[in-house]
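Coordinate analysis (summary)
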Amino acid sequence: MSTDTRAETQRLGVETTGIEIIDEAARTARPKDLFWPWFAANVSVFGISYAGFVLGFQISFWQAVLVTVVGVVVSFLLCGLIAIAGKRGSAPTMILSRSAFGVTGQKVPGVISWLTSIGWETFLAILATLATATIFKQLGWGGGTGTKVVACVVVATLIVAASVAGYHIIMKMQSYLTWITGIATIVYIALTIDDVDLSAVNALPSGSTGAVIGALVLVMTGFGLGWINIAADWSRYQRRDASGASIVAWNTFGGALAPTVLVIYGLLLAGSDQKLRDGIQADPIGTLATILPTWFLLPFLVAAILALVSGAVLGIYSSGLTLLSLGVRIPRPRAAFIDGVILTVGTIWVVFFAESFINPFQSFLITLGVPLAAWAGIMISDLVLRKRDYDDDALFDVRGRYGSWDWTSIGTMVVATVLGWGLVVNSFAGDASWNNWQGYLLEPLGLGKFVDDPAGPYWEGNWPYANLGVLLALVLSFLVTLVLRRRTVRRQEAGT
C-alpha cells in the first residue's frame, strides 16, 4: 500500500494494520474493553433459538440448564486463555500460533481456522436473510425472492463494510450495538414471558448421560469453541503489562453473560411448545418472531439483524487476518473484502438454491470442530508452558527460534483429529451423507452401532451422539503437548 493511500485510509478511520506486530504506542486498550466486542457478538437472539438444538438431544430442562451454564462458561474461558497470547505477542491469533506449529507449519491449522470463520459468518448472514423474509411475510410485506435479495445485499454490505474498516471502528460499533440489541432482547423476553408453560417444561423427560454430553459438546462448539481461533485478535491491542487474569475474566464475562441468559430463557420457551422447537430447526430467528405482537416485529427484525451482523463482522475481520497469515500478500482491508465476497456467494447459494442448511451446517461444524479443538488444546498448552512474551521477529522468520515446522505439534493435531473423528457421528446422515464416514471407532469400541435403515440411517446406542471426539481432541492434544513440548518451549525461550 502506498504512503498516500495509507494516509487516506487512516484519515477515514480504516485500520491499515495487518498481521504485523502492533506498535507499542498503539497498545492502549484495557482488559475491560474486551467486554464490548464479545458481549455484542453474543447477545444475538439466536442464543434463544439455540435452546431448540439443545433440547433436540431429548434431555430435561434442568439437564439442559446445566449443559448451558457449563458449556458456555467453560468454552469462553478457553477463549480467554487464548486471548492472553494476544497481549503477549500483539499479533493475530494465527500468527501467534506459529510459536507452536512453526512459521510454515501454522498454515495447517490456519486453513482449518479460515474455513471455520467463513462457515460461521456465512451461517449468520443466512440467518439474517431468512429472518427478514419470515418477518416481512408476517407483516404482509411479501417475504419472497425479492425480499431475500434485498436482505442479502443489505446484510452482506453491512458486514463487509465494517470488517474492511477494521479494529477501531468495529470496537466503537460494538459498544453501540450492545445497547441496541440488549434492549431489544429484554423487550422480547417481556413480550413472550406469557408463552412459557412451566408444567410442560418440567414434564420434559431426562436424557441419558451420552445425550447430556452430546448437548454439552454442541453448546461448547457453538459458542466459545466457535470463536477460539480468533480470540487473540481482539486482545492484541492490550498493553503488554495488562493483567492476564483480567483479560481472561473480561473475555469470559463478555462472551458468556448473554448466551447463558438467552439459552436458558430459550429452554423455557422451546420447552413449552413442540411446534416452536420444530420451527427453530428450519428458521431459528424467524420462528421466534411468530409469537410476537405485530407492532414489535420490525424492531425485532432490526435488532436481530444487527446482532447477527455484529457476530459476523468479528469473524470476517479475523478470517481476513487468517488469510494473510497463510501467505496471501494483500492489504488487510482487501483480505476482509475477499472473505466478504465469499460470504455473500455462500449466502446466496444456501438461501436461493439449497433445500436445507441447518443440518448440513451442523454436520460441517462438528467436523471442523474436532481439528479446531485439537489446535486449541495445543495452543493452550503452549501458553501454559511459556513464561515470557513472544519473540516478535521470530514469528515471521523460518530461521528464527520457532522454526519452519514443529512436527510434534503437527503430529499431535493429526493424531488427535483422526481419533476424534472416529468418535463423532454425522447426526444428519440424510441431509449430509458426505459425512457418514465419521464414527469409525464407535463400533470397534462397543459404543454404538450404525443402522442403515431404508427410512433413514442412524446410530443406535447412548454414546454415538455424545460426540466425544471433540472433547478427546481438546484434552488429548493439551496433555500430549504439555509432556512432549516442554523442552522445546524451554529452548525457544532461551533463544537456542
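What counts as what
Residues numbered from 1 in each chain as written. Predicted model: local features only at pLDDT ≥ 70, side-chain atom pairs only at ≥ 80, totals over all residues. Heavy atoms only, no water. Helix = DSSP H or I, 4+ residues; strand = E, 2+ residues; numbered from the N terminus. Rg over C-alpha atoms; globule rule 2.2 N^0.38 Å. Buried < 20%, exposed > 50% of the residue type's maximum accessible area, 1.4 Å probe, protein only. Areas by Shrake-Rupley, 256 points an atom, 1.4 Å probe, with all protein chains shown as cover. Lys, Arg positive; Asp, Glu negative; His and termini not counted. Charge placed at Lys NZ, Arg CZ, Asp CG, Glu CD. Patch = residues over 30% accessible without salt bridge, like charges linked within 9 Å, V, L, I, M, F, W, Y side chains within 5 Å. Salt bridge = Lys/Arg side-chain N within 4 Å of Asp/Glu carboxyl O. Axes fitted to C-alpha atoms, helices over the stretch in contact; angles between N-to-C directions. Parallel < 35°, antiparallel > 145°, perpendicular 65-115°, else oblique. Left-handed = near helix turned anticlockwise from the far one by under 90°. Contact = heavy atoms within 4.5 Å. Core = buried A, V, L, I, M, F, W, Y, C linked by side-chain atoms within 4.5 Å. Nonpolar A, V, L, I, M, F, W, Y, C, P; charged D, E, K, R; others polar. Polar contact = N/O pair within 3.5 Å; in protein donor to acceptor, adjacent residues only side chain to side chain. Phe/Tyr/Trp six-rings, centres within 6.5 Å; stacked < 30°, edge-to-face > 60°.

Right, let's get into the overall build of the protein chain. Across its full length, the protein chain carries 21 helices and 2 strands. For 496 residues, the compact-globule estimate of 2.2 N^0.38 gives 23 Å, and the protein chain sits close to it at 22 Å. In terms of its C-alpha atoms, the protein chain occupies a principal-axis envelope of roughly 65 × 60 × 40 Å. Counting the 496 residues in the protein chain, one finds 59% classified as buried. Carbon and sulfur atoms make up 64% of the accessible area of the protein chain, which amounts to about 19300 Å² in all. Across the protein chain, the mean location of the 31 positive side-chain charges is 10 Å away from that of the 31 negative side-chain charges.

Here we take up a nonpolar patch on the surface. Residues Leu66, Val69, Val70, Val73 and Val74 make up a contiguous nonpolar surface patch of roughly 350 Å² in combined accessible area. Looking at the element boundaries, Val73 is found in helix α4 (residues 61–89). Residue class for Val73 comes out partly exposed when judged on its relative accessible area of 35%.

Looking now at the pattern of salt bridges. In the structure shown here, the tally under the stated rule is 10 salt bridges. Here Asp382 ties to Arg386 by a salt bridge, and the two come within 2.7 Å at their closest N and O atoms. On the basis of relative accessible area, Arg386 is assigned to the buried category, the value being 3%. A salt bridge links Arg485 to Asp406; the nearest nitrogen and oxygen atoms lie 2.9 Å apart.

Attention now goes to the packing of helix α2 (residues 35–42) against helix α13 (residues 244–272). Interhelical geometry of α2 versus α13 gives an angle of 20° and a closest axis separation of 7 Å. One way to sum up the angle between α2 and α13 is to call them roughly parallel. Where α2 crosses over α13, the two elements pack in a sense that is right-handed. Residue-level inspection shows Phe35, Trp38, Phe39 and Asn42 of α2 in contact with α13, the latter providing Trp250, Asn251, Phe253, Gly254, Gly255, Leu257, Ala258, Pro259 and Leu262.

One recurring pattern in soluble globular proteins is that nonpolar side chains are buried together. Core analysis: the largest hydrophobic core is formed by 130 residues, its most contacted members being Ile228, Phe300 and Trp375. A total of 15 residues in this core trace back to one element, the largest contributor, which is helix α16 (residues 297–325). In contact with Trp375, other than residues within four places in its own chain, are Ile82, Thr93, Met94, Ser97, Phe101, Pro109, Ile228, Asn229 and Met413.

On to the packing of helix α19 (residues 407–421) against helix α20 (residues 468–484). Running from N to C, α19 and α20 point in directions that differ by 155°, and their axes come no closer than 9 Å. The angle between α19 and α20 falls in the class roughly antiparallel. Here the hand of the crossing between α19 and α20 comes out right-handed. For the pair α19 and α20, contact is made by Thr408, Thr412, Ala416, Leu419 and Gly420 and by Gly469, Leu472, Ala473, Leu476, Ser477, Val480, Thr481 and Leu484, respectively. By residue class, the composition of the contact of α19 with α20 is 7 nonpolar, 6 polar and no charged.

In this structure, Ser99 sits in helix α6 (residues 98–101). Of the polar contacts made by the side chain of Ser99, one reaches the backbone oxygen of Leu96; its length is 2.9 Å. Within polar-contact distance, the side chain of Ser99 engages the side chain of Asp382 at 3.2 Å. Excluding anything up to four places from it in sequence, Ser99 contacts Asp382, Arg386, Tyr390, Leu395, Tyr402, Arg485 and Gln492.

Time to look at the environment of Lys137. Looking at the secondary structure, you find Lys137 in helix α7 (residues 107–139). For Lys137, a relative accessible area of 64% corresponds to the exposed category. The sequence separation of Lys137 and Thr260 amounts to 123 residues, and the corresponding C-alpha distance is 31 Å.

Glancing now at unusual backbone geometry. Located in the positive-phi region is Gln58, a residue other than glycine, with phi close to 60°. Examined against the element boundaries, Gln58 turns out to sit in the loop between α3 (46–55) and α4. Located in the positive-phi region is Ser90, a residue other than glycine, with phi close to 50°. Residue classification places Ser90 among the buried positions, given a relative accessible area of 0%.

One pass over the structure, following the stated rule, counts 14 aromatic pairs. Ring geometry for Phe35 and Phe39: centres 5.0 Å apart, planes at 15°, overall stacked. Taken together, the positions of Phe35 and Phe39, both in helix α2 and 4 residues apart, correspond to about one turn of that helix. Accessibility classification places Phe35 together with Phe39 in one group, the buried group. Taking 5.4 Å as the distance between ring centres and 85° as the angle between the ring planes, the aromatic pair formed by Tyr50 and Phe53 counts as edge-to-face. Placement of both Tyr50 and Phe53 in helix α3 is noted, with a separation of 3 residues, approximately one turn of the helix. Counting every residue linked through ring pairs, the aromatic cluster contains Phe35, Trp36, Phe39, Trp250 and Phe253.

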